Amino acid sequence: MKTRKSAEPTITRDLTPGRTACPHRARPMWADHANRRTVHTLAGVTRLHLTIRRCRTTACGAYKKPYRPEVEGAVALPRHEFGLDVIALIGRLRYAEHRSIPEIRAHLLGRNVVVPERTATNRLDRYDELRATSLTDNGRLNTVLAAQKEVIRAIDGLQIERRTDPEGDMVRVNPGPS
Ligand SMILES: [Zn+2]
């Protein structure tokens, strides 16, 4: 079955990084280029116009590293088509109100948000995995994550933050935005 063609954006937001200086050398960081993306939120289909800054100090460790608008992260996760408000609502309908996936999609449709069935299913599968792991077996999670060196953040709506202490075995798991 073919899903309905994506609606045209009805909302436009211009976002610019609040940070104007490179964090490494505190030198001014100029607007480098513009980017845009479309996100489905509860308020409507939103077109984000993003100003991306880059450090242009060649000697800086962050030379040419792009800085995106901080606010963007509160709207949607990177590369996600749906806003965090939609993701949070799906989770609430499922776990607080115990709705089925067809019911969740119908509810969202009533709010003019079209979520393909596969997207809703994948989303809930991911919630289930992370919830099962974080709620029931922190010890196992610690073991799994201990193999990884980097900080892992914001995996599909749950924030998992790992901080390595000198002994290398501290793991913190935070519930994500609800
Ligand atoms: Zn710099």
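Everything below is about the structure shown above.
The rules behind these values
Residues numbered from 1 in each chain as written. Predicted model: local features only at pLDDT ≥ 70, side-chain atom pairs only at ≥ 80, totals over all residues. Helix = DSSP H or I, 4+ residues; strand = E, 2+ residues; numbered from the N terminus. Buried ≥ 20, exposed ≤ 12 C-beta atoms within 10 Å, placed from the backbone. Contact = placed C-beta atoms within 7 Å. Core = buried A, V, L, I, M, F, W, Y, C linked by C-beta atoms within 7 Å. Arc of directions from axis to C-beta. Expected span 1.5 Å × (residues − 1). Pairing = 2+ DSSP bridges.

S.K.: Is there a simple way to explain the overall build of the protein chain in this structure?
M.R.: For the protein chain, the count of helices and strands is five helices and six strands. Secondary structure of the protein chain in N-to-C order comes out as β-β-β-β-α-α-α-α-α-β-β. Each of the 178 residues in the protein chain was classed as buried or not, and the buried ones make up 16%. Considering only contacts within the protein chain whose residues lie at least 6 apart along the sequence, 51% involve residues at least 24 apart.

S.K.: Would you take a moment to explain the nonpolar core for this structure?
M.R.: Core analysis: the biggest nonpolar cluster contains 13 residues, and Phe82, Val86 and Ile90 have the highest contact counts within it. The element best represented in this core is helix H2 (residues 84–95), accounting for four residues. Once you skip the residues sitting within four places of it in the chain, Ile90 turns out to touch Ile104, Ala120 and Arg123.

S.K.: Just to check I follow, could you spell out the environment of Thr16 for this structure?
M.R.: Residue placement: Thr16 occurs in the loop between strand E1 (11–15) and strand E2 (30–41). For Thr16, a count of 17 C-beta atoms within 10 Å corresponds to the partly exposed category. Distance in space between the C-alpha atoms of Thr16 and Thr51 is 4.9 Å, their sequence separation being 35 residues. Residues in contact with Thr16, not counting those within four places in the same chain, are Thr51 and Pro69.

S.K.: What is the right way to look at helix H3 (residues 101–110) in this model?
M.R.: For the α-helix, the turn length of 3.6 residues means that residues three or four positions removed from each other point alike. For H3, every residue scored as buried is listed here: Ile104, Arg105 and Leu108. Buried residues of H3, viewed axially, fall in a sector of 95°; they line one side. Within H3, the exposed residues directed more than 90 degrees away from the buried face are Pro102, Ala106, Leu109 and Gly110. Two residues or fewer past H3, Asn112 is found with a positive phi of approximately 65°.

S.K.: Whenever I open this one, H2 confuses me. Can you help?
M.R.: Over its twelve residues, H2 extends 16 Å from the first C-alpha to the last, a length consistent with the 16 Å expected when each residue adds 1.5 Å. For H2, the full list of buried residues reads Val86, Ile87, Ile90, Gly91 and Leu93. Taken end-on, H2 shows its buried residues confined to a sector of 165°, consistent with a single buried face.

S.K.: Would you explain the pairing of E2 in this entry?
M.R.: Sheet faces and side chains relate simply in a regular strand, where the side chains alternate between the two faces. By the bridge criterion, eleven bridges tie E2 to strand E3 (residues 44–54) in an arrangement that is antiparallel. Along E3, the bridge assignment pairs Thr38 with Arg47. With antiparallel pairing between neighbouring strands as the criterion, E2 and E3 make up a hairpin whose turn holds two residues.

S.K.: Can you help me understand the environment of Ala7 in this one?
M.R.: The topology assignment puts Ala7 in the segment before E1. Taking C-alpha positions, Ala7 is 9.4 Å from Val113, a pair spaced 106 residues apart along the chain.

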